[in-house]
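Each chain, written out:
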Amino acid sequence: MLVRLIYASRASGIDGEKLSAIMKASRTHNAAAGITGVLVFSDGIFMQVLEGGRDEVSALYNRIAQSRSHRDVVLLDYEEISERRFAGWSMGQANLSRLNPGVLLKYSERAVLDPYKLGGQAAVALFEELVQTAVIACPGQ
Ligand SMILES: Cc1cc2nc3c(=O)[nH]c(=O)nc-3n(C[C@H](O)[C@H](O)[C@H](O)COP(=O)(O)O)c2cc1C
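Residues numbered from 1 in each chain as written. Predicted model: local features only at pLDDT ≥ 70, side-chain atom pairs only at ≥ 80, totals over all residues. Heavy atoms only, no water.

Remarks on the environment of Asp 15
In plain terms, the rule: Elements are defined by DSSP. Helices are runs of H or I of four residues or more, strands are runs of E of two residues or more, and each kind is numbered from the N terminus. Categorising residues by exposure relies on relative accessible area from a 1.4 Å probe, with only protein chains included: less than 20% of the type maximum marks a residue as buried, more than 50% marks it as exposed, and the intermediate range marks it as partly exposed.
Looking at the element boundaries, Asp 15 is found in the loop between strand S1 (2-11) and helix H1 (16-33). Of the residues examined, Asp 15 reaches a relative accessible area of 44% and is grouped as partly exposed. Each C-alpha atom, one on Asp 15 and one on Gly 44, is 10.0 Å from the other, the two residues being 29 residues apart in sequence.

Below is the structure:
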């Protein structure tokens, strides 16, 4: 059975090097565990979508939530799904500087990423738009 989980968090002590290390470790682990998804990082805020088997997604979310690299981890959406929407990425990284502010405005009150004010379905829609507008980078894949 497949599930999709989306959470938001506030980064803590993250620099470019640490972020690259997280992405590298994520791609290795996620590929082995059958997990796909996208990680957005903007203005000190993370938002991540994880898709995969229920046990795998649950175990990964528990591990991620314990990371000291972020805090205020809030679950935005969790649902059973019949198919993946982000199957192309073991963990894609969204480059928000290349994102049209109009895309953010479409789903939120202001043209800044504030997932704490975003409903679960709006979060899914925003991720889908990121994928469609090709601002997802996945070096090495
Ligand atoms: C925002 C964020 C996203 C993460 N995403 C993944 C992931 O998709 N797959 C994975 O295996 N680990 C993921 N991790 C966990 C890291 O690979 C690493 O295990 C963890 O950050 C180590 O904990 P520490 O930061 O306290 O040293 C993530 C961590 C953070 C902070």
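Re helix H2 (residues 54-65)
The cut-off we apply is this: Under the convention used throughout, the expected extent of a helix is 1.5 Å for every residue step, that is, one less than its residue count. By definition, the arc is the one covered by directions from the helix axis to the C-beta atoms. Contact between two residues is taken to exist if any of their heavy atoms lie within 4.5 Å; hydrogens are not considered.
For H2, built from 12 residues, the straight-helix expectation of 16 Å at 1.5 Å per residue is met to within 8% by its first-to-last C-alpha distance of 16 Å. All of the buried residues along H2 are Val 57, Leu 60, Tyr 61 and Ile 64. Viewed along the axis of H2, the buried residues span an arc of 100°, placing them on a single side of the element. Next to the buried residues of H2 lie S1, H1, strand S3 (45-53) and strand S4 (70-81).

Let's talk about the nonpolar core
Stated formally: What we call a nonpolar core is a set of buried Ala, Val, Leu, Ile, Met, Phe, Trp, Tyr and Cys residues that are connected through their side-chain atoms within 4.5 Å.
With 20 residues, the main nonpolar core has Ile 6, Val 40, Met 47, Leu 113, Leu 126 and Phe 127 as its most contacted residues. When contributions to this core are tallied by element, the ones reaching two or more residues are S1, strand S2 (36-42), S3, helix H3 (101-107) and helix H4 (120-132). With 5 residues, H4 is the single largest residue contributor to this core. Core analysis: the next-biggest nonpolar cluster, separate from the first, contains 16 residues, Leu 5, Ile 14, Ile 35 and Met 91 among them.

Concerning the site of the ligand
Put simply, the test is: Here a residue is near a molecule or strand as soon as one of its heavy atoms is found within 4 Å of it. Between N or O atoms, a polar contact is any pair within 3.5 Å; within protein, one atom must be a potential hydrogen donor and the other a potential acceptor, and residues adjacent in sequence are included only when both atoms are from side chains. The method behind every accessible area is Shrake-Rupley, applied with a 1.4 Å probe, and residues are considered shielded solely by the protein chains displayed.
Around the ligand sit 17 residues, and of these Asn 30, Arg 63, Ser 67, Arg 68 and Ser 69 come closest. Between Ser 26 and the ligand, the recorded distance is 3.4 Å, taken from a side-chain N or O atom to a nitrogen atom. Within the side chain of His 29, an N or O atom sits 3.0 Å from an oxygen atom of the ligand. Burial of the ligand by the protein chains amounts to 86% of its free accessible area of 620 Å². Elements supplying a minimum of two residues to the shell around the ligand: H1, S3 and H2. It is H1 that contributes the most residues to the shell around the ligand, 6 residues altogether.

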